[in-house]
Every structure is written in structure tokens, then in C-alpha cells.
Amino acid sequence: MTDALLPAGPQPLEKESDGYFRKGCNPLAQTGRSRLQNQRAALNQQILKAVRMRTGAENLLKVATNQKVREQVRLELSFVNSDLQMLKEELEGLNISVGVYQSTEEAFTVPLIPLGLKETKDVDFSVVLKDFILEHYSEDSCLYEDEIADLMDLRQACRTPSRDEAGVELLMSYFIQLGFVENRFFPPTRQMGILFTWYDSLTGVPVSQQNLLLEKASILFNIGALYTQIGTRCNRRTQAGLEGAVDAFQRAAGVLNHLKETFTHTPSYDMSPAMLSVLVKMMLAQAQENVFEKICLPGIRNEFFMLVKVAQEAAKVGEVYRQLHTAMSQAPVKENIPYSWASLACVKAHHYGALAHYFVATLLIDHQLKPGADEDHQEKCLSQLYDHMPEGLTPLATLKNGHQRRQLGKSHVRRAVVHHEESVREASLCKKLRNIEVLQDVLSAAHRRSQLKDAQHREDDDLLNLIEAPDIISKTEQEVEIILPQFSKVTVTDFFQKLGPLSVFSANKRWTPPRSIHFTAEEGDLGFTLRGNSPVQVHFLDPQCSAALAGAKEGDYIVSIQDVDCKWLTVSEVMRLLKACGRDGVEMKIVSLLDFTSSMHNKCATYSVGMQKTYSMICLAIDDDDKTDKAKKISKKLSFLSWGTNKNRQKSASTLCLPSVGVARPQVKKKLPSPFSLLNSDSSLY
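Residues numbered from 1 in each chain as written. Predicted model: local features only at pLDDT ≥ 70, side-chain atom pairs only at ≥ 80, totals over all residues. Heavy atoms only, no water.

As named in an unreviewed UniProt entry, the protein chain is Rhophilin-2, taken from Callorhinus ursinus. We quote the UniProt Function (unreviewed entry) comment for the protein chain here in full: "Binds specifically to GTP-Rho. May function in a Rho pathway to limit stress fiber formation and/or increase the turnover of F-actin structures in the absence of high levels of RhoA activity." According to the UniProt record, the Subcellular location (unreviewed entry) comment for the protein chain is "Cytoplasm". (UniProt positions renumbered as here; feature names shortened; annotations may be inferred.)

Laid out in C-alpha cells, this is it:
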């Protein structure tokens, strides 16, 4: 049919990774898309320079008092504004370079609009993260140089993602990794001093913030943009290719919609809520266009019911593009959306509207109701084709009356010709669209086809007798919808998991520096019990035991035992380490949260079952530095973690029957859950 464009020329596919670069990234791939992105980066720098010059000229104009100087500044400012406008038009030309992004298969397909990736500047995490590790976590920052380097390498790889699922997974993995980094190194009450700079994809204007949210939002935008590029690259000559394109555009709409709902105050124009709403509409419109192409792919049979179906599908595509063009014409989007995009939306709205009227004209003119035909079915289809029939006509009477049928069909042909003429006119008004030769060819071919049918059935008195063709009701067999991003399917390992479980060792919690204590078990009794999982806490501490006298406190987290890191160990594993110490004494490192109440587990009441309430309250109230005489008179109570006698062994065994808090901890090299599940979690989750 008339529904397509030839690509501007086959482009070489991106090279497969040779193992040197990360999967999903190959910065050395020389494709039309990569060259276009390089041009975009160079334009961004020129726009940045022009914006700075304009800002300086405006500031000088405000403070200058000499009239001659002010006139000269105004002249220079006019030149700078002119240069800036030319640069933005050149950037718009890159945004409409749809041929570069289309499938390499030569096919007669209408071009689709992809989004270009946002560009960014290099960021050095090393100094800030090292200082924070030393200051906040009291650990040697040199031990985390490899992890910081991995984070920076991952960010650099995300600047050149491959145009496939591996590239999407690469961007998603970095987005999830940013969730871990945010929780570990970015406290909500403090700026870390890392400046993130991203360039607007549509205007080229840079935005800089010391806020990780800008980084996360920009990565989300690039995930959506990459999905649009995957969709335009699909081979739309095959059923699988069209299904892939529909899926890609729906996923792009889902990512952009998630960005709009999650990051509502982004300072960049391309990520403003109004602009994102328009981009979501554009992705869904292109997905609906691919649905129409999928229906037409096997061929459109010249049969009544098939033509009704195709006409309503084309009307649906025209409707969504009309809605898109209306949204693009509203302020403030109108000022920043590329004019060529709005023009192309208008062209497609008229083009597919014309196709809908052409197909209805064909089914009315070329088909006559024959004896034995399914009159009821045809009558029902025709009645559902319109909101209302033209005055004086009924569906069944129109089907049976050949003259009425032809008159109504010719009125649809006339409307098809009018819509085609409008689409050709709109395309000719935009310089960028005039340069897309295949678009002009497709519009002209469709126009000539409608004119030919009009000429074949035109009569001298048609201008007096033709009725006005009614609007066609849009209908589709596959309503496109937003597909939300599925971050949970991407498995990511926290680069900085050596710092400990994120539920405790995070940027929004503070604790004392690790302190070493040395104590011995008296008669096989440690004087305290353990609770929690990763990290384990000191619980039910006897104020007179050796550990308490050495400096341990109720609720302390055990960091290491005998220089063995315990932050990721469970209660049973810590218990085995304590038993292995024997009579030589235990060398243990512990930390205390400065806000003690925040470290208490939600299920601590579970562990009070069978214990005297007075004893539990006294243990929590006693101050190690100033013990009262009353506290000293409390009879020593044997701990559950005791060994040495048969009686104590029985008590130790009974400890294993107590319910444990939380789930089993992950292994050190095990993949961690997504950071989205950590935002509202407590320590009992580990």
C-alpha cells in the first residue's frame, strides 16, 4: 500500500563486542547513529558557548550606562541570538534525521521518529567517595579503589550503549547501581560536591546539579530513547519485526511515563512533565502505526469486511496523530518541540485519515450487495462505521441502492483527496520534511491513487449531488498501552557491598567508629545472646559479664571476630566463630548506632518470650559508665550462647529453636536485590 518510506540508505550494523568493552557498549562502532551522536555532542558544546556569551552580553547590558556601549552590546547580542537560533535549527536537523535510525532493510515504510541520547560530561567519583568512606564508614578508602573504578567505567560505558537489549540492560544496571550509590554515599541533608552535567536532547542547553536525581532521571530518559531507536531499527517487512517495533515503542512510553511520575522537578526541558507527556503520546502513536502496518503486511484483500477493518485501523492511527499534533501545539511544549516533529505528526494525521476514507470509498464503489450475501453482517458493519449516517440514508438501503452507494463512496474519495492535498501541503511547508524525498514520494503516490479513483467515477453533476462524507469511527484490534520498565529482571551486584548490609550501613545512619573489645567466657557463658541477621546484634547483655565490662552495649552490631568480617554473617555463623575462640578469649569489633532506637528490630518482642520483663528493662536502662548498686545485686543470668556443661549445652540448643529475625543473608558474592526494595525496608530484611 502507501504506508511506507525507503530508508535513507543502509547503514552498517554496530560491531559485536570483542570482549574488551562492557556488554552492551562499543564506543568504537562507526555507524550512522554514532556519527550523528558525535555531531550532537559537538553542537551541544557550541550551544553552551553561545549561551554563555548571551548571558554575559545580557549582564553587561544591565550594568552599562554609556549609551554607545549599550548600542554595541545590543548589536552583539543580536548576532549571538542569531547564531544560537542557527545552532538550534541544526540540532533540530539531527533530531529529524530519521533515515539514519531506520531499518537497514530496504522497505516501503513510513519513517518513525526516534529520540537522540542525552549527552553528558565526565564525572570523577574517586575523591568524594574515598573521603566519605573514610569519614562516614571509618574504613580504609584505598580498599575500595577497584569498586570506584568499576562505577566510573560503568558510567562511561553508558554514554555509548549498543542499540539492542544488551544496551538497554547496561543502562538499567547503571540506574539500579545508582540506587545503591545514593543510599550509601548521598545523605539527604548534605551535598556531596559531585557536579552532574547533562545536555538537553532537544535544545542542547546544559543543566548542571549536585544532585544524583539528575543523573538517574537522565539515564531513565536515555533508556526510553534507546527503546525508540530499537523500534525504528526493527525490520518492518516481517511480522516479528513489526511486533518488536510495537513492543519497543510501548516500552519507551512506559519508561518516559515512569520518568514523568517519579522525577517531577527536573530542570531540563526534555524531561519536564509537559514534554514527557507529549513524548509518551508520540511513542504510543508510532506503536499504533506499527499495528496498522502489521495488519496490512499480508496484503489487503479487496473484500468488504477486510476493507472495513483496515479503514477503521487507519482512522485510529490518524486520530492518535491528530491528538499528538494538538498536544505539540500547546504551550509550553510548542516552544521546545522540534517544528519538524509537529509537522510530521500533522502530515501523518492527514495521510492516515485519507487512507481511511479511501478504503471506505473502495468498499462502497467496488462492491455491490449480491444475492445470498450476508446482508445483516454488512448492515451492522456499515452502521458501526459511522456515528450517524448522512441525512436521508440508512445502512441497509444504501447497501441495496447502487446509486446511493456510489454517491456515498465518491464523497469519501473527495475527502481522501482533500486530506492527501493537506498532507502534501504540510510536508512542503517544513524544510526538513521537504528534504526527505521518500516521504514526498509516498505522499504523492497516495495522492495520485485517490485522484485516479476520483477521476474514474466522476460525473458532471457530482458537485451538485454529492453528499458530505461522514467521519469514520476509529477502531483497532490491538489497543497499544504503556509497558512499565521491568528493573527487577536485571540482576545487579552492589559494587560497595563490602561496606555491609545497606539496611544498617548507609548514608542516612551514623554510628560510632569500630571499637575493639577483648573478653572471655566465664564458665562457658558469654553473658549475652545474639539476634538479627546480617549484621548480628548483641542482645540481652548481662551488665556484669566480661563483654559488658570491656565496653559492649546492648544493641551493638558485631563487625568482626578475630579479624574475620562479620557484617554479612548470620547468627549461626557468628555463633560458630565465637565457639571456635575457646578459652583464649574473644577479640571482637563492634559499632553502636548513635540513634539507638533506630537500630532495634521490629520483632524484639518475640525474643522477650520466656524472659523476665524486669530483667529486660534493667538491661536497657543500665549505663555502663555509672552502674548502680541495685544493678550490681542482680543475680547473674546464664546466656543462651553458653557451652562447657551439659546444662549449658541444652540451653544453647534451645536457642536454635527461637524464631529468627529477617531472611537469610545473601552471600558476599551473591546478587543483591534492587534498591527500590530498600527504600522502605528496615534492618530485619537482612
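Now that the structure is up, let's keep going.
Draft legend 1. Spatial organisation of the overall build of the protein chain. The secondary structure content of the protein chain amounts to 24 helices and eight strands. Residue burial in the protein chain is summarised as follows: out of 686 residues, 53% are buried. For the protein chain, the proportion of contacts with a sequence separation of at least 24, taken over those separated by at least 6, is 78%. Entry remark: accessible area of the protein chain is about 32,000 Å², with carbon and sulfur atoms responsible for 51%. (Helix = DSSP H or I, 4+ residues; strand = E, 2+ residues; numbered from the N terminus. Buried < 20%, exposed > 50% of the residue type's maximum accessible area, 1.4 Å probe, protein only. Contact = heavy atoms within 4.5 Å. Areas by Shrake-Rupley, 256 points an atom, 1.4 Å probe, with all protein chains shown as cover.)

Draft legend 2. Layout of the pairing of strand β8 (residues 586–591). Sheet topology places strand β3 (residues 515–519) next to β8; five bridges connect them, and they run antiparallel. Bridged to R515 within β8 is I590. Sheet analysis places strand β6 (residues 557–561) next to β8, joined by four bridges and oriented antiparallel. Following the sheet pairing, I558 is matched in β8 by I590. (Pairing = 2+ DSSP bridges.)

Draft legend 3. Geometry of helix α9 (residues 273–296). In this model α9 runs 35 Å from its N-terminal to its C-terminal C-alpha over 24 residues, within 8% of the 34 Å that 1.5 Å per residue would give. Counting buried positions along α9 gives 19 out of 24 residues, so the element sits mostly inside the fold. (Expected span 1.5 Å × (residues − 1).)

Draft legend 4. Representation of the nonpolar core. Core analysis: the biggest nonpolar cluster contains 134 residues, and F185, I223 and F496 have the highest contact counts within it. The contacts of F185, once residues within four sequence positions are left out, are L129, F132, I133, Y137, M192, F496, L499 and A507. Formed by 24 residues, the second largest nonpolar core is a distinct cluster that contains I517, A548, L569 and V586. (Core = buried A, V, L, I, M, F, W, Y, C linked by side-chain atoms within 4.5 Å.)

Draft legend 5. A look at the confidence of the model for the protein chain. With 76% of its residues at a pLDDT of 70 or more, the protein chain has an overall mean of 78. This stretch, residues 596–686, has a pLDDT under 50; its non-local contacts, to residues over four places away or in other chains, come to 149 contacts. (pLDDT = per-residue confidence, 0-100.)

Draft legend 6. Main features of the packing of aromatic side chains. Within this structure, the stated rule accounts for 13 aromatic pairs. With a centroid separation of 5.9 Å and an interplanar angle of 70°, the aromatic rings of F519 and F528 are classed as edge-to-face. By relative accessible area, F528 is classed as buried at 1%. Aromatic ring contacts, followed pair by pair, group F132, Y137, Y144, F185, F496, F505 and W511 into a single cluster. The side chain of K118 reaches across the aromatic face of F221, ending 5.6 Å from its centre. Geometry around Y144 places K498 over its ring, the cationic atom sitting 4.8 Å from the centre. (Phe/Tyr/Trp six-rings, centres within 6.5 Å; stacked < 30°, edge-to-face > 60°. Lys NZ or Arg CZ within 6 Å of the ring centre and 35° of its normal.)

Draft legend 7. Focus on the pairing of β6. The element β6 is largely enclosed, with a buried count of five among its five residues. Pairing between β6 and strand β7 (residues 564–565): two bridges, direction antiparallel. Note that in β7 the partner of I561 across the bridge is V564. Following β6, the chain reverses through two residues before pairing antiparallel with β7; Q562 in that reversal takes a positive phi of roughly 55°.

Draft legend 8. Broad picture of the pattern of salt bridges. Per the stated rule, a full pass over the model turns up 22 salt bridges. K118 is the salt-bridge partner of D270, the closest N and O atoms lying 2.9 Å from each other. Residue D270 is located in the loop between α8 (239–262) and α9, and its partner K118 is located in the loop between α3 (98–101) and α4 (126–136); the two are separated by 152 residues in the primary sequence. Residues D270 and K118 agree in their burial class; the two are buried. (Salt bridge = Lys/Arg side-chain N within 4 Å of Asp/Glu carboxyl O.)

Draft legend 9. Representation of unusual backbone geometry within the structure. In the segment running from A331 into P332, the intervening peptide bond is cis, with an omega of 0°. In this structure, P332 sits in the loop between α10 (304–328) and α11 (333–336). The omega torsion across S534 and P535 is 0°, close enough to zero to call that bond cis. Note that P535 resides in the loop between β4 (529–531) and β5 (537–539). Phi angles above zero are rare outside glycine, and D563 is one such case at about 65°. Structurally, D563 can be placed in the loop between β6 and β7. We classify D563 as exposed; its relative accessible area is 72%.

Draft legend 10. Layout of helix α6 (residues 165–185). With 21 residues, α6 should cover 30 Å at 1.5 Å per step; its first-to-last C-alpha distance of 30 Å lies within 8% of that length. Burial analysis of α6 places 17 of its 21 residues in the buried class, the great majority of the element. Backbone nitrogen of A166 and a side-chain oxygen of the N-cap are separated by 3.2 Å at the start of α6; the cap is D164. (Polar contact = N/O pair within 3.5 Å; in protein donor to acceptor, adjacent residues only side chain to side chain.)

Draft legend 11. Representation of the environment of E477 in the model. Tracing the backbone shows E477 in the loop between α18 (462–465) and β3. Taking the C-alpha atoms as reference points, E477 and K309, separated by 168 residues in sequence, lie 8.8 Å from one another. Not counting residues up to four positions away in its chain, the partners in contact with E477 are I295, K309 and E313. Looking at E477, its side chain comes within polar contact range of the side chain of K309, at 2.8 Å.

Draft legend 12. A look at the environment of D150. Of note, D150 is situated in helix α5 (residues 145–157). Classification of D150 by relative accessible area gives partly exposed; the value is 31%.

Draft legend 13. Representation of the packing of α9 against helix α12 (residues 339–365) in the model. Running from N to C, α9 and α12 point in directions that differ by 30°, and their axes come no closer than 13 Å. Crossing geometry of α9 relative to α12 is assigned as left-handed. Each of L279, M282, E289, F292 and E293 in α9 lies in contact with α12, whose residues at this interface are W341, K348, Y352, L355 and F359. Classifying every residue of the contact of α9 with α12 gives seven nonpolar, no polar and three charged. (Axes fitted to C-alpha atoms, helices over the stretch in contact; angles between N-to-C directions. Left-handed = near helix turned anticlockwise from the far one by under 90°. Nonpolar A, V, L, I, M, F, W, Y, C, P; charged D, E, K, R; others polar.)

Draft legend 14. The arrangement of the environment of V278 in detail. In this structure, V278 sits in helix α9. Its relative accessible area of 3% is what places V278 among the buried residues. Through-space distance from the C-alpha of V278 to that of Q323 is 9.8 Å; in sequence the pair is 45 residues apart.

Draft legend 15. Seen up close, the packing of helix α7 (residues 212–233) against α8. Running from N to C, α7 and α8 point in directions that differ by 165°, and their axes come no closer than 8 Å. As far as their axial angle goes, α8 and α7 are roughly antiparallel. The two elements α7 and α8 meet at a crossing, and its hand is left-handed. Mapping the contact onto sequence places A217, L220, F221, I223, G224, Y227, T228, I230, G231 and T232 in α7 and A245, A248, F249, R251, A252, V255, L256, H258 and L259 in α8. (Parallel < 35°, antiparallel > 145°, perpendicular 65-115°, else oblique.)

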